[in-house]
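# Examining the three-dimensional arrangement
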Amino acid sequence: MEKGGQIKKPLFIQTLSFTDSFLTTQPIEWLNHKEAIKLWEYYLGSQDCISFEFELYVAFNNPLLFIEGYKSKMIFSKEERIDVLEKHVLPNVVINEVKIWKKLNSLLNEKWNAVSYSIDGLSFLPYEFLMSMCASFESFVYQDPDDKERWHFAVETLSLLVAFIQNNYELSDVEITDTSLQSSYLKGTHNLDTISTFEHAYDYILLRHHINRYLFEPDLSVILDEQQLRFRESEIFNQQWQNDELRYTVNEQLYYAYGEELFDDLKNNNQIRFINNNESQDNQLGNTRQFAIIQYIKDLGIRKEDLKNNELPPLNFIISFLHGLAWRKLTTTELPLHKIARLRNNDYLHGTMELFKKNKIAEFILISDKEVMYDATMGTGLSCTMQEFNKLIDTFSFQRNVKTFCAFKQKDSLWQKPFIKVGSSIISPLSVFTGFTSLYTISESILKNFVPRDGTRIEQILKERYDNEIWETSIPGKNQEYGDIDVVMEDDAHLILMQFKRTYQKTDVRELHLQKSQDFKAIKQLKEASKSIDTTKTIHLWYVTTAFEKVGARDNGVLRVSYQDLLGIKRLMDSEGKLFKSLSGLIELIETDRLYELGKEHRIK
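Residues numbered from 1 in each chain as written. Predicted model: local features only at pLDDT ≥ 70, side-chain atom pairs only at ≥ 80, totals over all residues. Heavy atoms only, no water.

Should pLDDT be low for a region, the predicted coordinates there are not to be read in detail. When the pLDDT values of the protein are averaged, the result is 89; 93% of them are 70 or greater. Mean pLDDT in the protein bottoms out at helix α1 (residues 16-22), which sits at 59, and peaks at helix α7 (residues 126-143), which reaches 97. Across residues 1-14 the pLDDT falls below 50, and counting only partners more than four positions away or on other chains, this stretch makes 26 contacts in the model. (pLDDT = per-residue confidence, 0-100. Helix = DSSP H or I, 4+ residues; strand = E, 2+ residues; numbered from the N terminus. Contact = heavy atoms within 4.5 Å.)

Below you can see the structure in the form of C-alpha cells.
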C-alpha cells in the first residue's frame, strides 16, 4: 500500500490466479485487517472476470466485509450478478442482504418505469417538454415553499429530468423565440400530465436518496419485513448531521456580518455606487451579501489569474452578475409569490396570475438571449468582454457530461449549473436561480465549476494572517523535520501541527462517504509526523478543513478544525486591534470551539 492507505495497482491482481490460487489459500486473518476493505473493493472495481470462488471465500470468512464491498462499489445494483450469486450457498447474513438488494432493485425499476411510462404519454416537442418540466417544478415548490428539504429534492428531480431530455434530444440547435418558450412554460403551469410526470420523478429521487443512505450512512440498518423496507436510523449520526448544518449556518452569518462591516466602511467613505441610484434596503442588503461572498471565495484561494487563465471575467463581475440577477428575481418575484402561496393556499397558476396583476415586471422563469443578457449586464456598469461573458454562461450551463444516461448515477445538478441552453436562449428556473443569493450555493458552484489548482494557497493565507502574532507560524515545505505537515505554529510551550484539506460542503451521505479516504490520509499524516518529534512541548494535531462536517470532533488524537474559524478568530482580533498574548490563547479558543459557540448563541437570540 502507498502512504496514506491508497492501494497501488499491481499487475498480478489482474489475473484470477492471485485471488483463486493465492488469497484463498492464505490464513483468513488478513480478512479482519482494518484495511482489508481496500483490497476487496479493488478486486470488485477492477476485475473483468468474476471469481465466485474468491467471493464465496470472503463471504463465508467475513460476511460483513463482503456486504460492505458490494454496497460501496454498487455491485448490488447488477441484477444478473446478484441472480448468479443467489444460486450459491451463502451465509444467512448475506442471504438476508441479497433479499434487500433484490427488493431495492425492484423498487428502482418500478419507480423509473413509472417515470418512463408517464413521459411516453406526453406529446411535446423537446423544448416544450423542457419548459413544461420547469413549470411543474415551480408548481411543486409553490405547494410548500417552507419545506427546504422538499425544495432541495425538487431541484435534484428537475436536474434528473433535464439530463434525461439532453440525453434524448439536441436543444442547442433549436430555432425558437423567447416568446414561444414563455408560452410553453405557461401551458405547463396547468398541465396535469406534466405535473404527474414530475411527481413520479420526485418519487424516484426520494428512493434514490434512501438507497444512498442505505449504502453509505453509518450505523443505518434496513429491515425487510413482509416485502416492506424499514429504516432504523442512528440518532448519533442524525445529531451530528444537524450539528454540521448549524455550523454552516453560523459560519454563513459570521461572513454576512463581516460583509456588513466592509459595506458600511465603503459607504461611509462614499465609495459605494448604487446602480440606477437604487439605495433601497433590499438593494443595500444584496450589496452586503456580495461583499461577504467575495471575501469567502477569496479566503478559499481563488485568484485573478485563475479566472483570467480560463478566459473568465474577474471574480467581482461573476459575483455581481450571478448574485445581483438572482437577488432581483428573489425580491421582485419569488418572495412575494411564495407569500401569496402561504396566504391563499392556492395553486401555482393562480398565484402567478395574482402577482402579475400587482407587479407587471414579475418574471416566473428567466428566459433571455445571450447577447441581450450581455447588453443588459453592461448597462448596469459591470464590464467584461463578450468572449468572457460567453465563457461564463457556458461554464454555468447545465450539460449532461456522460455518454450513457443512468438515472441512478446521474449526479449533475442545477444547484451547480443553473443555466440551460435552448437554441440561442438561456433559461433558468427561478426556484433554482434564486438559490444563488446564498453564500454556499454560489461559492460551491464557483469552486466546483472551477477548481483552483494550487491547494497550498489556503496554507499561505493562514500563515500571512498570523504572521504578526508572538509565536512562529511557518510552512515547512517538502524537506521538513516534522514529516508531511502543511503549517506549523510554535512557541516555547506548544507545537501545533496542521494538515490542510480544501474540500466541499457535503449535501448527502454519499459525498460524506467519499470524503473518508481524504480524512484517513490527513489523520495518518499527522499521527506519523507526531511520532517522529522529540520535544517537551505539548503537541496539538489539527486537521484543518474548509468543510464543516465533524468539525470539533477528535479522531485518534487528531482534532478537526475549521479553516474559516481560524480566519474568523484572527479577523475578530484584528478588528479590535488586539494580539494574542501566547499561542495557548488561540489553542483555547479553537479547542473549546469558542467562535462557533458565540455565533450559535447570537443566532439563537
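With that settled, consider the pairing of strand β3 (residues 365-369). For β3, a buried count of 4 out of 5 residues is recorded, marking the element as mostly surrounded by other parts of the structure. Relative to strand β5 (residues 425-429), β3 runs antiparallel, the two sharing 5 bridges. Pairing of Asp369 across the sheet is with Ser425, part of β5. (Buried < 20%, exposed > 50% of the residue type's maximum accessible area, 1.4 Å probe, protein only. Pairing = 2+ DSSP bridges.)

A word on the pattern of salt bridges. As enumerated under the stated definition, the model contains 24 salt bridges in all. Between Glu305 and Arg457 there is a salt bridge, with its nearest N and O atoms 3.8 Å apart. On the criterion of sequence distance, the pair formed by Glu305 in helix α13 (residues 304-309) and Arg457 in helix α20 (residues 457-466) is long-range, its members being 152 residues apart. Arg457 gets classed as buried once you look at its relative accessible area, which sits at 15%. The closest approach of N and O atoms between Lys358 and Glu354, which form a salt bridge, is 3.2 Å. On the criterion of helical spacing, the pair formed by Lys358 and Glu354 is a turn pair, its members being 4 residues apart in helix α15 (residues 348-358). What emerges from the salt-bridge pattern is a single network uniting Asp83, Glu86 and Lys102. (Salt bridge = Lys/Arg side-chain N within 4 Å of Asp/Glu carboxyl O.)

Relative to the 44 Å expected for 30 residues at 1.5 Å per residue, helix α14 (residues 315-344) spans 41 Å between its end C-alpha atoms, a close match to the ideal helical length. Its maximal kink placed at Leu330, α14 deviates by approximately 45°. Backbone geometry just after α14 places Asn345 at a positive phi near 55°. (Expected span 1.5 Å × (residues − 1). Bend = angle between axes of the 7 residues up to and from the residue.)

Let us now look at the packing of aromatic side chains. Evaluation of the coordinates by the stated rule reveals 33 aromatic pairs. Ring centres 5.9 Å apart and planes at 85° place the aromatic pair Tyr296 and Tyr440 in the edge-to-face group. With a gap of 144 residues between them, Tyr296 in helix α12 (residues 281-299) and Tyr440 in helix α19 (residues 439-449) connect regions that are remote in the sequence. Like Tyr440, Tyr296 is buried. Taken together through their ring pairs, the aromatic side chains of Trp30, Trp40, Tyr43, Phe54, Tyr57, Phe66, Tyr70 and Trp101 make up a single cluster. In this structure, Arg247 packs its charged tip against the face of Tyr596, placed 4.0 Å from the ring centre. Across the ring face of Tyr256, the terminal group of Arg289 is positioned such that the distance to the ring centre comes to 4.0 Å. (Phe/Tyr/Trp six-rings, centres within 6.5 Å; stacked < 30°, edge-to-face > 60°. Lys NZ or Arg CZ within 6 Å of the ring centre and 35° of its normal.)

With 95 residues, the main nonpolar core has Trp40, Phe66, Tyr70, Trp101, Leu130, Phe137 and Ile427 as its most contacted residues. Apart from the residues lying within four places of it in its own chain, the contact partners of Phe66 are Trp40, Glu55, Val58, Ala59, Leu85, Val94 and Trp101. By size, the runner-up hydrophobic cluster in this structure holds 65 residues, among which are Ala292, Ile458, Leu462 and Leu583. (Core = buried A, V, L, I, M, F, W, Y, C linked by side-chain atoms within 4.5 Å.)

What follows is about the sheet that holds strand β11 (residues 558-562). The mixed open sheet is built from 6 strands, whose spatial order is β6-β7-β8-β9-β11-β10. Only two strands of the sheet have a single partner each, and these edge strands are β6 (472-474) and β10 (554-555). Relative to strand β8 (residues 494-501), strand β7 (residues 487-490) runs antiparallel, the two being bridged by 4 bridges. Residue pairing for β8: Val488 is matched across the bridge by Leu497. Sheet strands touched by helix α22 (residues 516-531): β8, β9 (538-545), β10 and β11. Its angle to β8, the strand with the most contacts, is close to 155°. (Axes fitted to C-alpha atoms, helices over the stretch in contact; angles between N-to-C directions.)

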